[in-house]
Amino acid sequence: MIEVDSLAAIRSGNRILDAVTLTVAEGTVTTLVGPSGGGKSTLLRCLNGLETFAEGRVTIAGHKLVAGEHLPRALERVRRDVGMVFQGFNLFPHLSAIDNVTLAPRIVRGVPAPEARRRGLGLLERVGLSRFAEARPATLSGGQQQRVAIARSLAMEPRVMLFDEPTSALDPQMSAEVLDVIVELARGGQTMVVVTHDHGFARRAATQVVELVAGRVHRAGPAAEILGGAGH
Amino acid sequence: MTPARQRERGCRPLWLLAAVWLLAAVPVDGLAAELDEVLARGELVWAADQEGGGPHVYVDPEHPTRLIGFEVELAEMLAAELGVKARFQQGQWDRLPLLLGRAADCVINGFESTPERARDWHCSRPYFAYSLQLVARRDSSLDSLDALAKEGPRGPWRVGVLTGSAAEIEMRRRTDLQVEVVGFDGTVDCLEQVRGRVLDAVLMDDCIASFNADRFGELRGVGRPFAGGTYTILTAPETPRLSAAIDDALGRLITDGRLKALYDRWDLAGRQQMLLLRDAAEVPPARRGSLADLIRGALPLLLRSAGMTILLSVASFPLAILIGLSVAVGRLHGPAWLRPFLAGYVELLRGTPLMLQLYALFFLLPKVGLALPAIVAAILGLAMNYSAYESEIYRAGLKAVPAGQFEAALALGMTKWQSLRHVLVPQAVRIVMPPVTSDFIALFKDTSVCSAITVIELTKRYSVLALSTGRIAELAIVTALLYLAMSWPLSLLSRWFERRLERRSERDPG
């Protein structure tokens, strides 16, 4: 589903990613771990073209991304198949929860409004928020907002989901709500790449753990092998 | 202190004389300069509008720093009769009398004798006789005054007049004519507009028409001059002795033929002129009407002009927002080659006065064959001027939307323009609502500048009415109340719009 081959990214003269190669099989969960500044988020953002890279190749959900500037058309095609959930949620504050979820299907995929709404309500149900369909993001808790953001991303029926530290801005209680949703998705066979500091989650859900240190793949393998048996 | 003493000692006889005069008549309010002060200062300050043009007072085309005109020479002759020098004071024509007692001793600028003026100012004996002359293009179907009684090929005839002049009073009085009267601040502007086919004709004093005949070869006088009158010198009512001295001096210039010699030099001394001058008797006194009469008479006119103020605001502001938002989006997200042009557009419109932009639209475009009606030019000018400010506000608003919003929209597969339309712009609009609302009220008041291109809105109507009736304070209060009565509902309207926008976005993201 995802092939990353010899990827290198350079920002202000520093190689912040170097010779990164990894493979993500369909229906599996890969977690990216490692110290801050190791390049986890940059790697994730290269996968859907939010950032460019200097060397190497990415193949994702059947689309190819090459080094240098991407064409807007190509990026739009990639992003329709690749969803992303951000650390800061980035819900659209001027829209209700349900409108956040239905906006992209309607204007990008051309789904008729009633159909989009029906599916959107189903997704909110799935993340446990059908009661809050008409609520504005500002009236929701952080955990609720992140779950709406996941529903918003799922509404595009992505083949791959990217999570950029989805629980780092949340307290443990709210983290648990969000992680339960993500684990549920993983059990349903959703292919995903998750940047996280939460080794507990990695042990619980990850098929593969990739540790990035100073822009390079330090270790990669099954969770038990990389993170050890016991929790911290 | 010391230099003043020395000067006093140096001209003791004159100083003593002045002291005697001062004792004889202490000025009542101390504002207006009486005869003694004029003599002491050695200067007679006379006010006129050099923009009004020849033959009265105009800039010498050979020496642009010099003023010439028959009134310039008359002022010098009068000053010489009083034993002082003449000093010129510039003012806008329809506001010249307001300078009396402050910046000027007298006004000499083709002010026609009217009962209203005689009531509010001291008017000298007449110094010049004029008639009104209709001027049209040579190729116009307008061939006589009587033709004005029937509509022209494009509806009512559009006739330009100098605002506040006898020509305007005459045209507005003639309800039997099929004319639309358009007020201007200068007679040359009127002639330009006739040449540019914006106006069908202009009614002006015959001496101005013949003075400009060579410069406007495409125009010709229509019918004979009619409805004449005389010019008078205005002085403040608080300076009776100065007024009398000027009047006496003028009498001497008439009786000993020096005025006729002056008019001979300027080719203005027809027999009719001299007869009218000799016969023109005293101006009949007029009574001051009651306040109720004044308001009854003025209110309908003020209300109609208030309607124009509203029309200008509500027509131009949505246009300003539309252009401004487009410019802002173009500068932030448009192609790189376009951005310098948009920045130039904003700097040009922000860096030059609105008045100048209106002049360019109204007076310069006809020269390249695009004659806009005044109201269209006014709406367009206001919209363009304000679009520069709106674009800066929207640019700031767009930048204030967090970067994550754009990324989230893109990550969902939206194009740049879809992200702008559905995510960034709706949020920016909400952020900038307060400054945009206050800009609307600013524009509402800025509409008064449009009087420069003949659109009569509330402020202009006020100044014309105040000048012709002399009830400056009373009408100012009525006008201010009208402005408040309009701006209050306007701010309510903007607030309602603000709320509606909030609700709309809750329901419908599109």
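These remarks concern the structure in this document. Quick caveat, the model's predicted, so the values are computed rather than measured. (Residues numbered from 1 in each chain as written. Chains lettered and ligands numbered in written order. Predicted model: local features only at pLDDT ≥ 70, side-chain atom pairs only at ≥ 80, totals over all residues. Heavy atoms only, no water.)

**Digging into the pattern of salt bridges**
With the rule as written, the count across this model stands at 40 salt bridges over all chains. Taking the shortest distance from any N to any O, the salt bridge between Glu115(A) and Arg119(A) comes out at 3.0 Å. Here the residue Glu115(A) and the residue Arg119(A) both occupy positions in helix 4 (residues 113-126), the gap between them amounting to four residues, near one helical turn. With relative accessibility at 26%, the residue Glu115(A) sits in the partly exposed group. A residue is classified by how much of its surface remains accessible, and Arg119(A), at 33% relative accessible area, is partly exposed. Note that Arg331(B) and Glu392(B) form a salt bridge whose closest N and O atoms lie 3.0 Å from each other. Placement of Arg331(B) in helix 12 (residues 291-333) and of Glu392(B) in helix 15 (residues 374-400) is noted, with a sequence separation of 61 residues between them. Residue Arg331(B) is classed as buried on the basis of its relative accessible area, which comes to 18%. Beyond isolated ion pairs, a larger network of salt bridges with shared partners links Arg11(A), Arg45(A), Glu51(A) and Glu407(B). (Salt bridge = Lys/Arg side-chain N within 4 Å of Asp/Glu carboxyl O. Helix = DSSP H or I, 4+ residues; strand = E, 2+ residues; numbered from the N terminus. Buried < 20%, exposed > 50% of the residue type's maximum accessible area, 1.4 Å probe, protein only.)

**Details of the environment of Ala378(B)**
Residues and elements named next belong to chain B. With respect to the secondary-structure elements, Ala 378 resides in helix 15. By relative accessible area, Ala 378 is classed as buried at 0%. Here the alpha-carbon distance between Ala 378 and Leu 358, two residues 20 residues apart in the chain, equals 6.5 Å. For Ala 378, the contacting residues outside a window of four places in its chain are Leu 312, Leu 358, Cys 450, Ile 453 and Val 455. (Contact = heavy atoms within 4.5 Å.)

**What to know about helix 1 (residues 40-47) of chain A**
Residues and elements named next belong to chain A. Judged by how many residues are buried, helix 1 sits mostly within the fold: seven of eight residues are covered. Taken together, the buried positions of helix 1 are occupied by Lys 40, Thr 42, Leu 43, Leu 44, Arg 45, Cys 46 and Leu 47. Immediately beyond the C-terminal end of helix 1, within one or two residues, lies Gly 49, with a positive phi of roughly 75°.

**Quick word on helix 4 of chain A**
Residues and elements named next belong to chain A. For helix 4, which comprises 14 residues, the first-to-last C-alpha distance of 20 Å matches the rise-based estimate of 20 Å (1.5 Å per residue) to within 8%. Those residues of helix 4 lying buried are Ala 116, Gly 120, Leu 123 and Leu 124. Mapping the buried residues of helix 4 onto a view down its axis gives an arc of 100°, with all of them on the same face. Exposed positions of helix 4 whose direction lies more than 90 degrees from the buried face are Pro 114, Arg 118, Glu 125 and Arg 126. Those residues of helix 4 that are buried lie in contact with helix 3 (97-109) and helix 5 (142-154). Count one or two residues on from helix 4 and you reach Gly 128, which has phi positive near 75°. (Expected span 1.5 Å × (residues − 1). Arc of directions from axis to C-beta.)

**Notes on the nonpolar core**
Counting 164 residues, the largest nonpolar core has Tyr127(B) and Met414(B) as the members making the most contacts within it. When residues of this core are assigned to their parent elements, the largest contribution, 10 residues, is made by helix 12 of chain B. Grouped together as the second largest cluster of nonpolar side chains are 35 residues, Val29(A), Met161(A), Leu170(A) and Ala186(A) included. (Core = buried A, V, L, I, M, F, W, Y, C linked by side-chain atoms within 4.5 Å.)

**Quick look at the interface of chain A and chain B**
Each partner contributes residues to the interface: chain A has 26 residues there, and chain B has 23 residues. When the buried surface of chain A facing chain B is broken down by residue, Phe92(A), His94(A) and Ile107(A) rank first, second and third, together holding 27% of it. Here chain A is connected to chain B by one salt bridge. Notably, a salt bridge pairs Arg45(A) with Glu407(B), separated by 2.5 Å at the nearest N-O pair. Counting residues per element, the ones that place at least two in the side of chain A that touches chain B are helix 2 (72-81), strand 6 (82-85), helix 3 and helix 5 of chain A. It is helix 3 of chain A that contributes the most residues to the side of chain A that touches chain B, six residues altogether. (Buried area = accessible area lost by both parts, 1.4 Å probe.)

**Let's talk about the sheet that holds strand 7 (residues 128-137) of chain B**
Residue and element names in this part refer to chain B. Across the sheet, which stays open at both edges, the five strands sit in the order 9-8-10-7-11 with mixed pairing between neighbours. Two strands close off the open sheet at either side, each with one partner strand: strand 9 (179-184) and strand 11 (219-231). On average, adjacent strands in this sheet sit at an angle of 25° to one another, irrespective of strand direction. As paired elements, strand 8 (residues 157-162) and strand 9 share six bridges and run parallel to each other. Looking across to strand 9, one finds that Trp 157 is bridged to Val 179. Taken strand by strand, helix 7 (residues 187-195) contacts strand 7, strand 8, strand 9, strand 10 (201-205) and strand 11, and its axis lies near 155° from that of strand 10. (Pairing = 2+ DSSP bridges. Axes fitted to C-alpha atoms, helices over the stretch in contact; angles between N-to-C directions.)

**Observations concerning the side chain of Asp439(B)**
Inspection of the secondary structure assignment puts Asp439(B) in helix 18 (residues 433-446). With sequence-adjacent residues up to four places away left out, Asp439(B) is seen in contact with Phe317(B), Tyr386(B), Tyr389(B), Glu390(B) and Ile393(B).

**Points about the environment of Ser124(B)**
All names here are of chain B. Along the chain, Ser 124 falls in the loop between strand 6 (122-123) and strand 7. Given a relative accessible area of 5%, Ser 124 falls into the buried group. Between the alpha carbons of Ser 124 and Ile 246 there is a distance of 7.4 Å; along the sequence they are 122 residues apart. Contact partners of Ser 124, with chain neighbours within four places excluded, come to Thr 232, Ile 233, Asp 247 and Leu 250. Among the polar contacts listed, one links the side chain of Ser 124 to the backbone nitrogen of Ile 233, at a separation of 2.9 Å. (Polar contact = N/O pair within 3.5 Å; in protein donor to acceptor, adjacent residues only side chain to side chain.)

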